[in-house]
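# Chain and residue survey
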Amino acid sequence: MSRSNDSVLVLLIALVLAILLALLPLPVFLEPLRPYWVGLVLIYWSMEVPRALPLGAAFLIGLLLDVLTASLMGLHALSLLVLVYLVRRFRPRIRFFPPWQQALAVLALLVNDRIIMLWSMIILGEPVPTWQHWLSPLVGMALWPWIFLGLDHARLASRQSERN
Amino acid sequence: MRIDSAVNNPSLAQGRPSTARLMGYLLLAGLLMLLDQRGEFVPRIRAFAEQLVTPVYHVAEAPAEALRGISTYSRSYDTVVEQNEVLREQLLGQQGDMQRLAALQEENRRLRALLDATKGRQVTFRFAELVQVSLDPYSHQVLIDRGADDGVFAGQAVIDGLGVMGQVESVTGGQARVRLISDPEHAIPVQILRTGQRTVALGTGEAERLNLPNLPDQSDVREGDMLVSSGLGERFPAGFPVAEVTRVDRETGEAFMSVDARPLAALDRGLEVLLVQPGQGMTGPDTKSAVAAADPGAELAAESGAGTSVDDSDPAAETASAPMSDAEPQAEALQDPAAELPGEDQ
């Protein structure tokens, strides 16, 4: 069977779940800790899947997220564009890092993403997030290995079931 | 729209994405943000897109709804009985208040007639629930489960049991997005209840703080002062509690004081809200002499959701005057008739 077709369904399901998790109501004190679910899924997608996620798709997913969360139109689009671009750019290196180093790379990506968001908000005169929102990348890093293993596993399972 | 053509060109799939394309998309995103921030053009696209994504909210809401359902269902009989008793007591107390209010309204109406002041406008409420999804924490907006189909319109004032919450920003068929008063882009005209002085309360981006930047240095304002909506601007009906002053900072040499206030509404933890329906019965003859105060007790007994009618109404006298509710303190109306004039600045 063709490998190019593999696991798109799994990834789309993961993406939908990530979007729903982004909308899940949390207690006020947990709100700043919410990891960037969609960002994490797109990092995985760009890093592990041979067929690249087109930048245009990242842009559209970002716009969808902007509409859903009522954030500034284009904010998440910008953030996801940069995320996907950077992962694709450094993919050959990041991919063969040992897991802990890869988690650090993910942290760097997520922190960079925060900086970009903060920067665009300041330029446009939007409200600036509180310091607690810098904790979200740390949560993202802690979750990364599990997301990585989980998605790898799901893709493998779906491929095997297809073969049978 | 043309997206990367990895299918047509397999070599692209493995390689680096093109920087030119990135720049193009980045520019587009930047342009969108700029336009959205200025409120040009993009809000219309967003309103349309919101129509399309409404089902997503229903799915996203499901887990929270289920959780709430379980917690309601599993509540013990005793707790429910206890709660019922408390609510009954509360209702009784409030019915008593309402009876007094009817008398006060009548009195207020007569005093206003004596002063030839502006007339109150009828206000009714409609119940709505928050949609249990979490929006961007920086945007200070919430979703409610009533939309254009229920007569909700952009600009409509939203309150909860404690105070003013915000105003409707956009509506779709079955839902509406509400901008809270804590949003940095939001400003609400208020009045200090004790002195009658008018000013504007701006959102700060923090749920627990509003800012009043326009109070001159010599104004009379203290910590603990209650701020009510002044009714200027015609968005929010007058007399609803908005916030309580928490900090007054007089800096010598500054023309304006720095005053902070804490919103009274449960902005970040409420579940139910009330939509303020503006005056009905605006047509019809002048009923100045008619004693038309509805019986509020009977109104209260009506089903929730049907809305409670507060305020007697005089359909006349709406020309360019601020809508004044009778919930406003009467003493002030007596002492300070000048405060009835809209548009003055203090």
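The structure this text deals with has already been given above.
First, a word on scope: everything that follows refers to the structure included in this document. (Residues numbered from 1 in each chain as written. Chains lettered and ligands numbered in written order. Predicted model: local features only at pLDDT ≥ 70, side-chain atom pairs only at ≥ 80, totals over all residues. Heavy atoms only, no water.)

## So, the overall build of chain B
Filter applied, for reference: Each helix is a run of H or I in the DSSP string that is no shorter than four residues. Each strand is a run of E no shorter than two, and both are numbered from the N terminus. Only protein chains enter the accessibility calculation, which uses a 1.4 Å probe. A residue is then buried if its area is under 20% of the maximum for its type, exposed if over 50%, and partly exposed in between. Contact criterion: two residues are considered in contact whenever any of their non-hydrogen atoms come within 4.5 Å of each other. All accessible areas in this document rest on Shrake-Rupley with a 1.4 Å probe, and a residue is counted as covered only by the protein chains that are shown.
In terms of regular secondary structure, chain B is built from six helices and 13 strands. Looking at chain B residue by residue over its 346 residues, the buried ones come to 41%. The long-range fraction of contacts in chain B, counting pairs at least 24 apart against all pairs at least 6 apart in sequence, stands at 63%. Entry remark: accessible area of chain B is about 18000 Å², with carbon and sulfur atoms responsible for 56%.

## Some remarks on the overall build of chain A
The condition is simple: Radius of gyration here is computed from C-alpha atoms only, and the compact-globule reference equals 2.2 Å multiplied by the residue count raised to the power 0.38. Only four residue types enter the tally: Lys and Arg on the positive side, Asp and Glu on the negative side, with His and both chain ends excluded. Each charge is placed at NZ for Lys, CZ for Arg, CG for Asp and CD for Glu.
When helices and strands are counted, chain A shows six helices and zero strands. Counting from the amino terminus, helix and strand elements in chain A follow one another as α-α-α-α-α-α. Taken against the 2.2 N^0.38 rule, which gives 15 Å for 164 residues, the C-alpha radius of gyration of chain A at 16 Å falls within 12% of a compact globule. Along the first, second and third principal axes, the C-alpha atoms of chain A reach 55 × 30 × 30 Å. The proportion of buried residues among the 164 residues of chain A is 56%. When contacts within chain A are restricted to residue pairs at least 6 apart in sequence, long-range pairs at least 24 apart make up 70% of them. Of note, chain A has its 12 positive side-chain charges centred 10 Å away from the centre of its 8 negative side-chain charges.

## Focus: the pairing of strand β12 (residues 272-277) of chain B
Every other side chain in a regular strand lies on the same face of the sheet, so the side chains alternate between the two faces. Stated formally: DSSP bridges decide pairing: two strands pair if at least two such bridges lie between them.
In terms of strand pairing, strand β1 (residues 123-129) of chain B meets β12 of chain B through six bridges, oriented antiparallel. Bridge pairing in β12 of chain B places arginine 126 of chain B opposite leucine 275 of chain B.

## Remarks on the packing of helix α1 (residues 8-23) of chain A against helix α3 (residues 55-69) of chain A
In helix packing, the relevant descriptors are the interaxial angle and the interaxial distance, both defined with respect to the helix axes. Residues and elements named next belong to chain A. For clarity, the cut-off: Only C-alpha atoms enter the line fits that serve as axes; for helices the fit covers just the stretch in contact. Angles between N-to-C directions range over 0 to 180 degrees. Put simply, angles under 35 degrees are roughly parallel, angles over 145 are roughly antiparallel, angles from 65 to 115 are roughly perpendicular, and the rest are oblique. For any helix crossing, the convention is left-handed if the near helix is rotated counterclockwise from the far helix by under a right angle, and right-handed if that rotation is clockwise.
Interaxial distance between α1 and α3 falls to 11 Å at its minimum, and their mutual angle equals 30°. On the basis of the axis angle, α1 is roughly parallel to α3. In this structure, the crossing between α1 and α3 has a hand that is right-handed. Residues Leu15, Ile19, Ala22 and Leu23 of α1 lie in contact with α3, whose contacting residues are Ile61, Leu64, Leu65, Leu68 and Thr69.

## Re the interface of chain A and chain B
Heads up, the condition is: As a working definition, buried area equals the accessible area (1.4 Å probe) given up by two parts on being put together, with both sides summed. Residues adjacent in sequence count toward polar contacts only when both atoms are side-chain atoms; beyond that, a polar contact is any pair of N or O atoms within 3.5 Å, and within protein one must be able to donate a hydrogen and the other to accept it. For this classification, Asp, Glu, Lys and Arg are treated as charged, while Ala, Val, Leu, Ile, Met, Phe, Trp, Tyr, Cys and Pro are nonpolar and the rest, including Gly, are polar.
Listed by partner, the interface residues are 45 residues for chain A and 46 residues for chain B. Contact between chain A and chain B buries roughly 4000 Å² in total, counting both sides, with carbon and sulfur atoms accounting for 71%. Between the two partners, chain A and chain B, sit 10 residue pairs in polar contact (both at pLDDT 80 or more). Secondary-structure elements contributing two or more residues to the side of chain A that touches chain B are α1, α3, α4 (75-94) and α5 (99-124) of chain A. For the side of chain A that touches chain B, the element with the highest residue contribution is α3 of chain A, accounting for 11 residues. Its residues placed into classes, the side of chain A that touches chain B shows 29 nonpolar, seven polar and nine charged.

## Examining the sheet that holds strand β6 (residues 187-192) of chain B
Residues and elements named next belong to chain B. With antiparallel pairing, six strands are arranged side by side around a closed barrel as β6-β7-β8-β11-β10-β9. The average angle at which neighbouring strand axes cross in this sheet is 40°, direction not considered. Pairing analysis gives three bridges linking strand β8 (residues 210-212) to strand β11 (residues 258-263), with the strands arranged antiparallel. Bridge assignment links leucine 212 to a residue of β11, and that residue is valine 259.

## Quick look at helix α6 (residues 135-163) of chain A
Residues and elements named next belong to chain A. Going by this rule: A helix is expected to reach a length of 1.5 Å times the quantity of its residues less one. Two axes enter the definition of the bend at a residue: one is fitted to the seven residues ending there, the other to the seven starting there, and the bend is the angle between them.
For α6, built from 29 residues, the straight-helix expectation of 42 Å at 1.5 Å per residue is met to within 8% by its first-to-last C-alpha distance of 42 Å. The principal kink in α6, of about 40°, is found at leucine 143, preceding the proline proline 145 by one to four residues. For α6, the set of buried residues is Ser136, Pro137, Gly140, Trp144, Ile147, Phe148, Leu151, Arg155, Ser158 and Arg159. Residues of α6 that are buried make contact with α1, α2 (37-48) and α5.

## Structural notes on the pairing of β6 of chain B
Residues and elements named next belong to chain B. For β6, a buried count of five out of six residues is recorded, marking the element as mostly surrounded by other parts of the structure. Note: β6 against strand β7 (residues 198-203), five bridges, orientation antiparallel. Its bridge partner lying in β7, valine 190 is registered against threonine 199. Following β6, the chain reverses through five residues before pairing antiparallel with β7; glycine 196 in that reversal takes a positive phi of roughly 80°. Strand direction decides the pairing type here: β6 and strand β9 (residues 226-229), joined by three bridges, are antiparallel. Directly across from valine 190, in β9, lies its bridge partner serine 229.

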